[in-house]
Amino acid sequence: MRGILQGLLVAVPWISVASPTIPWGWAEGPSGRTELTDASIPADATNVAFVAGVVAFDGLALADRKLSFTADPAGTTIVVGGARSGFDLSGASGDWTFRGITFRGTGERSDLVYDGGAIACRGGRLTLVGCSFERLSSRFTGGAVSAYLMDGDVTVSNCTFTGNASGPMNGMGGALYASRGATGAGTLRLDGSSFSGNAAQNGRAVSSVRVAGLRRSAVVVTGMRASAGKRWCCLLK
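Residues numbered from 1 in each chain as written. Predicted model: local features only at pLDDT ≥ 70, side-chain atom pairs only at ≥ 80, totals over all residues. Heavy atoms only, no water.

**Examining the pattern of salt bridges**
Tallied over the entire structure, the rule returns four salt bridges. As a salt-bridge pair, Glu134 and Arg104 come within 2.9 Å of each other at their nearest N and O atoms. Taken together, the positions of Glu134 in strand β14 (residues 132-134) and Arg104 in strand β11 (residues 101-104) put the pair 30 residues apart, joining distant regions of the chain. Judged by relative accessible area, Arg104 falls into the partly exposed class, the value being 29%. The closest approach of N and O atoms between Asp153 and Arg125, which form a salt bridge, is 3.9 Å. Of the two residues, Asp153 sits in the loop between β16 (145-150) and β17 (154-157) while Arg125 sits in strand β13 (residues 125-129), which places them 28 residues apart along the sequence. By relative accessible area, Asp153 is classed as buried at 16%. A relative accessible area of 37% means that Arg125 is categorised as partly exposed. Three or more residues are tied together by salt bridges with common partners; here these are Arg125, Asp153 and Arg189. (Salt bridge = Lys/Arg side-chain N within 4 Å of Asp/Glu carboxyl O. Helix = DSSP H or I, 4+ residues; strand = E, 2+ residues; numbered from the N terminus. Buried < 20%, exposed > 50% of the residue type's maximum accessible area, 1.4 Å probe, protein only.)

This is the structure in C-alpha cells:
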C-alpha cells in the first residue's frame, strides 16, 4: 500500500485554498523552514525544495526574488500543463536557479502558453543545472525555456532537452530562447548539455537575440527538426 501511495500524483492546491493540504515541498530562509501547501513562498526564503515523486501544478508567478528550486535527491518530476508556463519569473533583480528537476509536458501543443513551456523568465539572471525538459511546448519562444529581456547571464549546465517545440508559426528556439534587454550585457552559456528531437522554425534547439555572446562546451545536438535550411542554433544581433 505504501508503494502505491508513493506512486500517486501529488496535486498542488493552487486554485482552491479549500483543497486538502498535501505537502509538496518547503522553503528555507533565515527564519527557518516553512512547508509549502499553496502558491505562497515566505519573503525570506532562499531555497524551495521539492518532495520526491511527481508534482503537478498550473503555474507559479514570482518577481524580483533570489531563489533556488531544488529537486529531492530521490528525484522530482514537475508535470506542466494548462494555460500558463510552469514558472513565470520576472524582475531585473531576479536571480533564479533550478537544480536537478525534470520538467515534463503532456506532449500536446499548447496555443495558450506563449513563451517557455516550463520556465518563462523576464529580466534578471537564470541558471539551470542538471535539469531535464521533455515534451514541452510554447506558441512563440522557447518550447521549454524562454529567457527574454534578460539583464544577466543565462547559464545551462548538464541539462537535457528532448522533444520540445515552439510554434507552429515563426517559433523561436524549440528548446531554449534567450534575449537581452536594452541595458543587459548577459551571455548565454551552454555547458555539457544535450538537445534531441526539438523543433522550431527558427533555431531548432536554441534561438538567441541580442545576447552579448554564446559560449558553449560539450554540447550535443541530435535529431533536430525545422524548416529547410534552418540551423539548430539561430543567433540574431
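**Quick word on the packing of aromatic side chains**
As enumerated under the stated definition, the model contains nine aromatic pairs in all. Judged by centre distance (5.0 Å) and plane angle (65 degrees), the rings of Phe69 and Phe87 are edge-to-face. Remark: Phe87 occurs in strand β9 (residues 87-90) and Phe69 occurs in strand β7 (residues 66-70); sequence separation between them is 18 residues. With respect to burial, Phe69 and Phe87 carry one shared label: buried. Ring geometry for Phe103 and Phe133: centres 5.1 Å apart, planes at 5 degrees, overall stacked. With Phe103 in strand β11 and Phe133 in strand β14, the pair connects residues that are 30 residues apart, well separated along the chain. (Phe/Tyr/Trp six-rings, centres within 6.5 Å; stacked < 30°, edge-to-face > 60°.)

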